[in-house]
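Structural description and commentary
Here is what each chain is made of, one letter per residue.
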Amino acid sequence: MTTLCDAAVAVLTTAAPLEKVRLTRDYAAAWRDGRISEFGAAVPPERPARPERPPLMLPRDMPKRGRGGSAQNRVALLHALAHIELNAIDLAWDLVSRFVGEGMPKGFTDDWVQVADDEARHFQMLEERLNQMGSAYGELPAHDGLWQAATTTAHDLAARLAVVPMVLEARGLDVTPDTVRRLREFGDEESAALLQTIHDEEITHVAAGRRWFGHLCAKRGVDPVETWQDLVKRYFRGGLKKPFNVTSRQAADFGPEFYEPIAE
């Protein structure tokens, strides 16, 4: 019987996206129903395996994506989102396995296994929509900056929680509603509904980050707001961009006292 950390490493070292999705969904189900019950101690790789396609480029070298409603622009948008979700699968499994020695409650692991499962399903939904539009993940270039957040926070669980769910995923809550609106204006109700589902489920991911960041701060005896702001200034280079989706952030128990004072 495999351990959960073994399962995490198996996903992280699998390059083929749909196989990564299949393993994630199988392992998450096995964790939920008790077929996997041991945490284990397998060490995750520094970088997850990636398929030969798409070609990975520096963010500055990526072709500009149009904002119009053409099928080509909508495919480029969905492809970029699929790439984000693929990275999010690995970020969740890396968090599960890398910080297993932190002594967090089982609920912490339950949450991040569920996040990995959600991200796998989101990738699958986006891939199916790309297929319906005559494309597939891997047919366009993608940027290689997404794993940087994992690399720079690999030494500290608080930093990882501060940056990945509470900055990167929270940013998704900010920008997705406008994207949904534009897709509906272009008549692409199917893609709009898909992104709305992803947005609504990502609220729970930000909430998990906020909850466990607060738990860890209490355990360490530090103020969560001041600590979060300090960690973001140290480990996130992009700056916090307005406007914020305060409603969705509040639904995740992530109040403006955290992010407004350090927003650009």
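Structural data are supplied above this passage.
The sections below set out a description of the structure shown in this document. Not measured: the values here are computed from a predicted model. (Residues numbered from 1 in each chain as written. Predicted model: local features only at pLDDT ≥ 70, side-chain atom pairs only at ≥ 80, totals over all residues. Heavy atoms only, no water.)

1. Some remarks on helix α1 (residues 4-12)
Across the 9 residues of α1, 7 count as buried, placing the element largely inside the fold. Taken residue by residue, α1 has L4, C5, A7, A8, V9, V11 and L12 as its buried positions. In this fold, the buried residues of α1 make contact with α2 (17-32), α3 (71-98) and α4 (106-132). (Buried < 20%, exposed > 50% of the residue type's maximum accessible area, 1.4 Å probe, protein only. Helix = DSSP H or I, 4+ residues; strand = E, 2+ residues; numbered from the N terminus. Contact = heavy atoms within 4.5 Å.)

2. Some details on the packing of α3 against helix α6 (residues 157-185)
Two elements in contact, α3 and α6, have axes whose closest approach is 12 Å; the angle formed by their N-to-C orientations is 160 degrees. Our classification of the angle between α3 and α6 gives roughly antiparallel. In terms of crossing hand, the pair formed by α3 and α6 is left-handed. Touching R74, L77, L91, D94, L95 and R98 of α3 are L157, R160, L161, V164, T179 and L183, all from α6. (Axes fitted to C-alpha atoms, helices over the stretch in contact; angles between N-to-C directions. Parallel < 35°, antiparallel > 145°, perpendicular 65-115°, else oblique. Left-handed = near helix turned anticlockwise from the far one by under 90°.)

3. Quick word on the pattern of salt bridges
In total, this model carries 27 salt bridges according to the counting rule given. A salt bridge links R22 to D26, with the nearest nitrogen and oxygen atoms 2.9 Å apart. With R22 and D26 both in helix α2, this residue pair falls 4 residues apart, about one helical turn. Given the relative accessible area of 40%, R22 is considered partly exposed. With a shortest N-O distance of 2.4 Å, R181 and D178 are connected by a salt bridge. Of this pair, R181 and D178 both sit in helix α6, 3 residues apart, roughly one helical turn. Of the residues examined, D178 reaches a relative accessible area of 29% and is grouped as partly exposed. It is possible to trace a salt-bridge network through shared partners that takes in R74, R129, D188 and E190. (Salt bridge = Lys/Arg side-chain N within 4 Å of Asp/Glu carboxyl O.)

4. Describing the packing of aromatic side chains
Per the stated rule, a full pass over the model turns up 9 aromatic pairs. Among the aromatic residues, those joined into a cluster by ring pairs are W228, F244, F254, F258 and Y259. A cation sits over an aromatic face here: R249 above Y259, 4.3 Å from the ring centre. (Phe/Tyr/Trp six-rings, centres within 6.5 Å; stacked < 30°, edge-to-face > 60°. Lys NZ or Arg CZ within 6 Å of the ring centre and 35° of its normal.)

5. Here we look at empty space enclosed by the protein
Counted by the stated rule, this structure contains 1 cavity of 30 Å³ or more. In this structure, the largest cavity occupies an estimated 70 Å³ of space. Lining the largest cavity we find R47, P48, R50, L56, H83, N87, H143, D144, G145, L146 and W147. A class-by-class count of the residues in the lining of the largest cavity yields 4 nonpolar, 4 polar and 3 charged. (1 Å grid on protein atoms, 1.4 Å probe; cavity = no way out; pocket = protein on both sides within 12 Å on 5 of 7 lines; lining within 4 Å. Points joined across faces, edges and corners; volume = space filled by probe spheres on them. Nonpolar A, V, L, I, M, F, W, Y, C, P; charged D, E, K, R; others polar.)

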